[in-house]
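Residue strings, one per chain:
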Amino acid sequence: MPCLHKRPKRSEEEERAFQEHVKKVAQENGKRLGLEGDADVQFLLQGGELVKVRSTTWKKMRFFKLQEDCKTIWHESHKRFNRDQTFSIDEIDSLRLGRQSEGLNKHTHPVDEDQCFSIIFKGRKKNLDLMAPNGEVARKWVNGMEKIINNMRNLSHVQKSEHWIINCMRKADKNEDNKMNLKELKHFLRQINIEVNDVYAEELFKKCDTSKSGTLEDAEIKHFYELLTQREEINVIYNKYSEPGGQMSSKDLLKFLLNEQREEDAVRLIEKYEVDRTVQSTNKHMTKDGFLMYLHQDEGYILNPAHKHQYQDMRQPLNHYFISSSHNTYLMEDQLKGPSSTEAYINLQSTDEECRCVELDCWDGPNGEPIIYHGYTITSKVLFRDVIKAIKDYAFKTSQYPVILSLENHCSVDQQKLMAHHLISILGDALLTAPLGKSLPSEFPSPEDLKGRFLIKGKRLNKLEDAFNNTLIEDGTVSEEDEAADCKENGQKAKTKKSKIKLAKELSDIVIYCKSVHFSSFEHARENQAFYEMSSFKESKAFSLAETSATAFMHHNMDKLSRIYPAGSRTDSSNYNPVPMWNVGCQIVALNFQTPSKEMQINQGRFLPNDFGGYILKPEFMRNPSSQFDPNKLTKGPWLKRMTFHVMVISAQQLPKLNKDKQKSIVDPLVRVELYGVPADNASKETHHISNNGFNPMWNQRFQFDIHVPELVMVRFVVEDYDATSQNDLIGQYCLPLTSIQNGYRHVPILTKRGDVISSAGLFLNLMLIDVK
C-alpha cells in the first residue's frame, strides 16, 4: 500500500471545505458498506492513540485512524523515510481481543488483558499487537474493524467492484477537487491495470465531458464509470436469450438455464436477484443488472453451492476420509532457521485451511519443560504447553471434526510424563483417552462420533486390548518413530542412529486410535497389525509403493491410516505433489503449510468443499474391499467414467497489479487450465496472452480434456503475467475438485499465492462436463 501523498498547504477556508469533502466521502463509503452512522465506525474515523507493542521494552504510542474510504487504516510512523504508513482492511485475516497473540502474551502483563488486541494479517506480514487506553476503546477498535470486514465480505461482487473503482478514482484525484482532468484520468487507468494510448484516453474523456469544462464531475464521472465497467461478453449472452431490445422473461431465463447452466429454477432466481422490484413483481422479468447479479452470486459461481456446506456422509469410519494434514506445523518459514510459533497452529486451525492433523516435534527443554522445534537445526523453540493451549483455544473455531496431534517424540521419560500431564490437564474431556463404547472396537469411529475430540498419534507400549483387560504396564522401550530416524539419517548434525527409545506409560496410555508402528510390507500389516496401528511413510517410499503396488496400497488404506511426510532433504520446506498419494487412498498427506506453492493450492482445493471441515470422503471404489482399482493401469470398474470436459476461457476482471510501486507496470495476462488426477487425466492447456490489460482482458479460447476417473480430478485455473524473457509471474489461481464444478457460464474467484481471495478480481468461463457414450 503506497504511503499517503503530501498535500499542499491549504488556507483555513480551503481546509474547512476539504474536511467537509472528506466527511462526505466517508459518509458515502459508510453508506455503501451499510454502516452509515455506525458508532464504532465513526470512532475509527476520528482515530486515536494506541500503544504499539513489539517487545517488553519496545512499546511506542502511535496515532491510528480509519481513512475516508472506510477501507484503509493510517498510522503514524517514526521511520526516517516513511512517516505515514497504511494498511488495507483487505489485508486483515482476523482480530483478537485480549492477550491472544504470542507477542502480547509474552510482552504484556495479565492485568492489561482488557486493553490488548491484535490485528492478524494474511500471508507473512507480522501481527500488529496493540494496547488501548482502556477496555472500552479496545473493543470499539475491534468491533469497528470487524463490522467493516464482515460487511465488505457480504457485498455483492458488483458492489465490491464499484467500491474499488470509486476509491481508485479518489486516489487519482491528486488535487482533491472531486473532479477528474485528463491527466488524472490517465493515471487512474494505469492504477486499475489498463494501458490505453493517449488518443483513446482523450476520446473517452471527450465522450464523458458533456459540459466541455475540461474536467469530469458527478454525472460525467458516473457515465465514465458505466462505460468502463460495461461487460460486452455478458451483453452478448443476455441479448441472445432476452426479448429484442427488452428484458428476459421467466421463460427466456428458463431457456438459458436449461441450455447453458443445466438448471431449471427461473422464477426463484428472478425473485432473489432482480434489482428492479417493479419488474420482478409485476411481470417476472429479469433485467441485465439482475442477470449480472445472478452470475456473481453463489448460483453463478463455479463451485456447486450445495458443496460449499457439509454435503457428504460423515458417519463412515475415520480412515475412509482424506484428512487435511500439516508437516512441521510449528514452523512459520523454512526448516533450517525459520521461527517456531504457536501462531502457526492458530493460523491453520482458525482459518479456511482447517488443518485437522498437526505435527508436534517434541524435545527436552530447559527447566524440565518440553519444547517444540525442528531438531538439529537453528529454528527457534516454543514451549509444548503453550502450543497445547493454543490448539485447545482455536482447534474447533470453524470445524468441529476431530483433530489429530501427531507427536514426534524425542523427549526423556520425565519430560514425556510432563507432556502427558499438559495434554490431559489442558485439553480435558476433549482429549480421547479411551476407545468409544464399552467393547473392544474392530474399526474406527466416524468423524461425526469424534466431533470436538483430540486424538493423539504416537507410540504405544501395548495393544489396545490391554486397555479393556486392565493389564498393568510400566515405562518401556519401543522402536523410534520412522520420521525421527529419517531426521537423523538426513543428518542435520548426524547422530548415532538409535532404533529404540524409552516411552513413558502416561504418554503411551493416551494413544488410542493412532498407534505408530513401523511399516514392513502390506502383507505383514494385513496379517499382524490391528486397524488402529498406523505407519508413516517418507515421500520417496510412499511414491515408490504407489507406483509398484497401487492396489495393495489402496486396500491397506481401507483398513488402516497412512501418513505421508516430506523428505528431510526439503530444507526449504517445499512440497511434493499430494495427488498420487490421494490416488491410492492415503488419508494423512502431510504438507508444509507454511510454504505457499502449487501443491498447497491443490491441497486447499481438495478440502474446499464440505464446509471447509478438513475431511473429504474418499470415492466408494476406494472403500469397497472388492475393488481392484489401480490409478496407473485403468481397467474397467466403477471408477472408469469417461467424460469430456469443455472449457471456454472468456474473460477476466480487475486483475491486480503485481508491482504497485511502478505506475506503468501493466500485466499481460494469460490463463492456464491444469488437471491433476490419475496419470491418464493429467493435462494442461493455456491461452495466448493479452498485452497491457489487467482490467478486462478477453480471450474466448476453447479447450477440451478427456477424463477417465472424474472423482479424483483436481482442476486448477492459473492466471499469469506473461514475460518473454523470464519466468511468468503468478497473478492468481483457484483450485477445486472436478466433481464440485457447475456447468455453464460461471465466474471464478481468484486467490493469491497463499490462498487469500482477491476481492475485486475474477475469471469468467463457460464449462461443460459431458458423459462419453
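Residues numbered from 1 in each chain as written. Predicted model: local features only at pLDDT ≥ 70, side-chain atom pairs only at ≥ 80, totals over all residues. Heavy atoms only, no water.

Under an unreviewed UniProt entry, the name given to the protein is Phosphoinositide phospholipase C, and the source organism is Tetraodon nigroviridis. Heading Catalytic activity (unreviewed entry) of the UniProt record for the protein holds this comment: "a 1,2-diacyl-sn-glycero-3-phospho-(1D-myo-inositol-4,5-bisphosphate) + H2O = 1D-myo-inositol 1,4,5-trisphosphate + a 1,2-diacyl-sn-glycerol + H(+)". (UniProt positions renumbered as here; feature names shortened; annotations may be inferred.)

Undergrad: For the overall build of the protein, give the residues involved together with the corresponding values.
TA: Each helix and strand counted, the protein has 25 helices and 30 strands in total. Against the globule reference of 28 Å for 773 residues, the protein gives a C-alpha radius of gyration of 29 Å, in line with a compact fold. Expressed along its principal axes, the backbone C-alpha trace of the protein runs to roughly 95 × 70 × 55 Å. By residue count, 57% of the 773 residues in the protein fall in the buried class. Within the protein, contacts between residues at least 6 apart in sequence are counted, and of these 67% link residues at least 24 apart. When the accessible surface of the protein is split by element, carbon and sulfur atoms take 48% of a total near 33900 Å². (Helix = DSSP H or I, 4+ residues; strand = E, 2+ residues; numbered from the N terminus. Rg over C-alpha atoms; globule rule 2.2 N^0.38 Å. Buried < 20%, exposed > 50% of the residue type's maximum accessible area, 1.4 Å probe, protein only. Contact = heavy atoms within 4.5 Å. Areas by Shrake-Rupley, 256 points an atom, 1.4 Å probe, with all protein chains shown as cover.)

Undergrad: An account of the UniProt feature "binding site: Ca(2+) 4" (unreviewed entry) in the protein is requested, with residue identities and associated values reported.
TA: UniProt records the feature "binding site: Ca(2+) 4" (unreviewed entry) at Ile666, Asp668 and Asn692, using the numbering of this structure. A maximum C-alpha distance of 6.8 Å places the annotated residues, which cover 27 residues in sequence, within one compact spot. Once you skip the residues sitting within four places of it in the chain, Asp668 turns out to touch His689, Ile690, Ser691, Asn692, Glu720, Asp721 and Tyr722. Separated by 2.7 Å, the side chain of Asp668 and the backbone nitrogen of Asn692 make a polar contact. Among all residues touching Asn692, those that are not within four sequence positions of it are Ile194, Glu195, Ile666, Val667 and Asp668. (Polar contact = N/O pair within 3.5 Å; in protein donor to acceptor, adjacent residues only side chain to side chain.)

Undergrad: Lay out the UniProt feature "active site" (unreviewed entry) in the protein in plain terms, naming residues and giving numbers.
TA: Summarizing the sequence annotation, UniProt attributes the feature "active site" (unreviewed entry) to His327 and His374 in the numbering used throughout. A maximum C-alpha distance of 11.0 Å is found for the annotated residues, which run over 48 residues; spatially they form one tight group. Examined against the element boundaries, His327 turns out to sit in the loop between β10 (321-326) and α15 (342-349). By the element assignment, His374 lies in the loop between β12 (371-372) and β13 (382-383). We classify His374 as buried; its relative accessible area is 7%.

Undergrad: Describe the packing of helix α2 (residues 39-46) against helix α4 (residues 135-154), and please don't skip the residues or the numbers.
TA: Where α2 meets α4, the axes come as close as 8 Å, and the angle between the chain directions of the two elements is 105 degrees. Classed by the angle they form, the pair α2 and α4 counts as roughly perpendicular. For the pair formed by α2 and α4, the contact residues are Asp40, Val41, Phe43 and Leu44 on the first element and Val137, Lys140, Trp141, Asn143, Gly144, Met145, Lys147 and Ile148 on the second. The class makeup of the residues in the contact of α2 with α4 is seven nonpolar, two polar and three charged. (Axes fitted to C-alpha atoms, helices over the stretch in contact; angles between N-to-C directions. Parallel < 35°, antiparallel > 145°, perpendicular 65-115°, else oblique. Nonpolar A, V, L, I, M, F, W, Y, C, P; charged D, E, K, R; others polar.)

Undergrad: Kindly report on the domain arrangement of the protein, identifying the contributing residues and their values.
TA: When the domains of the protein are assigned, the result is domain 1 (32-154), domain 2 (158-229), domain 3 (232-300), domain 4 (321-483 + 499-618) and domain 5 (643-771). Counting from both sides, the interface comprises 14 residues of domain 3 and, opposite them, 13 residues of domain 5. For the pair domain 3 and domain 5, the summed buried surface comes to about 1100 Å²; carbon and sulfur atoms form 52% of the total. When residues of domain 3 are sorted by the area they lose upon contact with domain 5, Glu233, Glu260 and Gln261 head the list and together hold 40% of the total. There are one salt bridge connecting domain 3 and domain 5. Note that Glu263 and Arg746 form a salt bridge whose closest N and O atoms lie 3.3 Å from each other. Applying the counting rule to domain 3 against domain 5 returns 10 residue pairs in polar contact (both at pLDDT 80 or more). Within the residue set of the side of domain 3 that touches domain 5, elements represented by two or more residues are α9 (232-241), α10 (250-261) and α13 (288-295). Tallied by class, the residues present in the side of domain 3 that touches domain 5 amount to five nonpolar, three polar and six charged. (Domains from an automatic or database assignment. Buried area = accessible area lost by both parts, 1.4 Å probe. Salt bridge = Lys/Arg side-chain N within 4 Å of Asp/Glu carboxyl O.)

Undergrad: Can you break down unusual backbone geometry residue by residue, with the values?
TA: Positive phi outside glycine occurs at Asn610, with the angle close to 65 degrees. Looking at the secondary structure, you find Asn610 in the loop between α25 (598-606) and β22 (615-617). Although it is not a glycine, Asn692 adopts a positive phi angle of roughly 55 degrees.

Undergrad: Hey, could you go over the pattern of salt bridges for me, with residue numbers and the actual values?
TA: When their charged atoms lie close together, side chains carrying opposite charge are able to pair. All told, the structure shown has 26 salt bridges when counted by the stated rule. One salt bridge in this structure joins Arg672 and Glu686, with 3.3 Å as the shortest N-O distance. In this pair, Arg672 sits in strand β24 (residues 669-676) while Glu686 sits in strand β25 (residues 683-686), placing the two residues 14 residues apart along the sequence. A relative accessible area of 13% means that Arg672 is categorised as buried. If you follow the salt bridges from partner to partner, you end up with Arg672, Glu674, Glu686, Arg716 and Glu720 in one network.

Undergrad: Explain the nonpolar core to me, and be specific about the residues and the numbers.
TA: The biggest cluster of nonpolar side chains holds 70 residues, and the ones touching the most others in it are Leu360, Leu405, Leu423 and Phe454. The dominant element in this core, judged by the number of residues it contributes, is helix α17 (residues 413-427), at five residues. Split by domain, the residues of this core number at least three in each of domain 4 (321-483 + 499-618) and domain 5 (643-771). Those residues within four positions of Leu360 in sequence are excluded, and the remaining contacts are Tyr345, Ile372, Phe384, Val387, Ile388, Ile391, Leu405, Ser406, Leu407 and Glu408. Grouped together as the second largest cluster of nonpolar side chains are 35 residues, Met643, Leu655, Ile690 and Phe703 included. (Core = buried A, V, L, I, M, F, W, Y, C linked by side-chain atoms within 4.5 Å.)

Undergrad: Any details on the environment of Leu407? Residues and values, ideally.
TA: Note on placement: Leu407 falls in strand β14 (residues 403-409). Considering only alpha carbons, one finds Leu407 and Val358, 49 residues apart in sequence, at a separation of 8.7 Å.

Undergrad: Break down the side chain of Asp681 for me, citing the residues and quoting the values.
TA: By secondary structure assignment, the location of Asp681 is in the loop between β24 and β25. If we skip the residues at most four places from it in the chain, Asp681 touches Leu675, Asp706, Ile707, His708, Val709 and Val713.

Undergrad: With reference to specific residues and values, describe the confidence of the model for the protein.
TA: With 93% of its residues at a pLDDT of 70 or more, the protein shows a mean pLDDT of 88. Low confidence marks residues 1-7, where pLDDT is under 50. Its contacts with residues over four positions away, or in another chain, come to 15 contacts. In this model, residues 491-497 is a region of pLDDT below 50 whose contacts with residues beyond four sequence positions or in other chains number 13 contacts. (pLDDT = per-residue confidence, 0-100.)

Undergrad: Describe the pairing of strand β21 (residues 588-591), listing the residues and the values that go with them.
TA: Going residue by residue along β21, you find Ile588 and Ala590 tucked away on one face and Val589 and Leu591 tucked away on the opposite face as well. In this sheet, β21 lies alongside β10 in parallel orientation, the contact comprising four bridges. Note that in β21 the partner of Ile323 across the bridge is Ile588. Where strand β20 (residues 562-565) meets β21, two bridges bridge the pair, whose relative direction is parallel. When the sheet's bridge partners are listed, Arg563 is paired in β21 with Ile588. (Pairing = 2+ DSSP bridges.)

Undergrad: An account of the packing of aromatic side chains is needed here, citing residue identities and associated values.
TA: Applying the stated criterion across every chain, the model contains 31 aromatic pairs. Where Phe291 meets Tyr294, the ring centres are 6.3 Å apart and the plane angle is 45 degrees; that geometry is what we call tilted. One end of the pair is Phe291 and the other is Tyr294, both in helix α13 and three residues apart, which spans about a single turn. On the numbers, 6.0 Å between centres and 70 degrees between planes, the contact of Phe621 with Trp639 is edge-to-face. Placement of Phe621 in the loop between β22 and β23 (643-653) and of Trp639 in the loop between β22 and β23 is noted, with a sequence separation of 18 residues between them. Neither Phe621 nor Trp639 differs from the other in exposure class; each is buried. Aromatic rings pair up to connect Tyr238, Tyr241, Phe256, Tyr273, Phe291, Tyr294, Tyr745 and Phe764 into one cluster. We note Lys381 situated over the ring of Tyr373; from NZ or CZ to the ring centre the distance is 4.4 Å. It is Arg606 that lies over the ring of Trp582; its NZ or CZ is 5.1 Å from the centre. (Phe/Tyr/Trp six-rings, centres within 6.5 Å; stacked < 30°, edge-to-face > 60°. Lys NZ or Arg CZ within 6 Å of the ring centre and 35° of its normal.)

Undergrad: With reference to specific residues and values, describe the side chain of Gln416.
TA: Looking at where Gln416 falls in the secondary structure, it is placed in helix α17. Residue Gln416 is classed as buried on the basis of its relative accessible area, which comes to 0%. In this structure the side chain of Gln416 is engaged in a polar contact, spanning 2.8 Å, whose partner is the backbone oxygen of Cys411. In this view, Gln416 contacts Asn409, Cys411, Lys502, Leu503, Ala504 and Leu507; residues no more than four positions away in its chain are not counted.

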